[in-house]
Amino acid sequence: MAVAVKRPVNILVVDDRDGNLIAVEAVLSDPGYRLLRGRAGREALREVLDQDFALILLDVVMPGVDGYETATLIRERPRSRQTPIIFLTGYKSEEHLFRGYDLGAVDYLFKPIVPEVLRSKVAVFVELGRINAKLQEQAHELRKQAEILQKAEVRFRSLLEAAPDAMVMCKEDGEILMVNSQ
């Protein structure tokens, strides 16, 4: 019996401090995750241009482009507009919290991060990302099948019209569905 192997999902971790990056990587060491690092907002933006992510863990306070500006720029790209962002910060103020949510964050975690909480939240968003990817694949397949059916219907109608005899297609109750010009 074949076992379905889940491809690792990309998770972007952005923090200007190596110690924080290492700590998050240690907490999220899982073969189902492919963790990519960014040490600044600009690095994060380059990564988002190159590939898709199931989740972005974004520090708020960074030199240059801070986490809020980075989130705003990520949200401007149609391809990453729906990517979940969890802000990580040491600042415990409602102003920072509300600003993060206003910018589209799905969650806000305060440092020091509780490993179990981080693992749990990441697992939820990764699973949602996998489900979303599967739905996207199914939608693509349905669009392809609809195109095939439309082409088949056009061919069928052409054949019906080209028939030398009069033809009528009816339902069982006698309702006429299709007739040719003969």
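Residues numbered from 1 in each chain as written. Predicted model: local features only at pLDDT ≥ 70, side-chain atom pairs only at ≥ 80, totals over all residues. Heavy atoms only, no water.

## Comments concerning the overall build of the chain
Basically, it comes down to this: Numbering goes from the N terminus for both helices and strands, where a helix is a DSSP run of H or I of at least four residues and a strand is a run of E of at least two. Within these notes, the globule rule equals 2.2 Å times the number of residues to the 0.38 power, and the radius of gyration is based on C-alpha atoms. Residues count as neighbours in contact if any of their non-hydrogen atoms are within 4.5 Å of one another. In this tally, Lys and Arg are treated as positive and Asp and Glu as negative; His is ignored, and so are the chain termini. In this description, the location of a charge corresponds to atom NZ of lysine, CZ of arginine, CG of aspartate or CD of glutamate.
When you go through the chain residue by residue, the secondary structure sums to 5 helices and 7 strands. Along its sequence from the N terminus, the chain presents helices and strands in the succession β-α-β-α-β-α-β-α-β-α-β-β. Against the 2.2 N^0.38 benchmark of 16 Å for 182 residues, the chain shows a C-alpha radius of gyration of 26 Å, more extended than a compact globule. The principal-axis extents of the C-alpha atoms in the chain amount to approximately 80 × 45 × 30 Å. In the chain, 52% of the contacts between residues at least 6 apart in sequence involve partners at least 24 apart. Here the chain contributes 25 positively and 28 negatively charged side chains, and the mean placements of these two sets differ by 4 Å.

## Some words on the pairing of strand 7 (residues 176-179)
To keep it simple, the criterion reads: In short, DSSP must find at least two bridges between two strands for them to pair.
Direction of pairing for strand 6 (residues 168-170) relative to strand 7: antiparallel, over a ladder of 3 bridges. Bridging from a neighbouring strand, Met 169 pairs with Met 178 of strand 7.

## Concerning the packing of helix 2 (residues 41-50) against helix 3 (residues 67-76)
Definition in use: Fitting a line to C-alpha atoms yields each axis, with helices limited to the stretch in contact; the angle taken between N-to-C directions then spans 0 to 180 degrees. Oblique is the label for any angle not under 35 degrees, not over 145, and not in the 65 to 115 range, which are roughly parallel, roughly antiparallel and roughly perpendicular in turn. Note on convention: the crossing is left-handed when the near helix lies turned anticlockwise from the far helix by less than a right angle, right-handed when the turn is clockwise.
Two elements in contact, helix 2 and helix 3, have axes whose closest approach is 9 Å; the angle formed by their N-to-C orientations is 20°. As far as their axial angle goes, helix 3 and helix 2 are roughly parallel. Between helix 2 and helix 3 lies a crossing whose hand is right-handed. In this structure, helix 2 uses Gly 41, Ala 44, Leu 45 and Val 48 to contact helix 3, whose residues at the interface are Thr 70, Leu 73 and Ile 74.

## Some thoughts on the sheet that holds strand 1 (residues 9-14)
Across the sheet, which stays open at both edges, the 5 strands sit in the order 2-1-3-4-5 with parallel pairing between neighbours. Here the strands that pair on one side only, and so sit at the sheet edges, are strand 2 (33-38) and strand 5 (107-110). Ignoring strand direction, the axes of neighbouring strands in this sheet form an average angle of 20°. Looking at chain direction, strand 1 and strand 3 (residues 55-59) are connected through 4 bridges and run parallel. Counterpart to Val 13 in the pairing with strand 3 is Leu 57. Contacts from helix 3 reach strand 3, strand 4 (85-89) and strand 5 within the one sheet, and its direction differs from that of strand 4 by about 175°. Against the sheet, helix 4 (residues 94-102) touches strand 4 and strand 5, its axis set at about 145° to strand 5.

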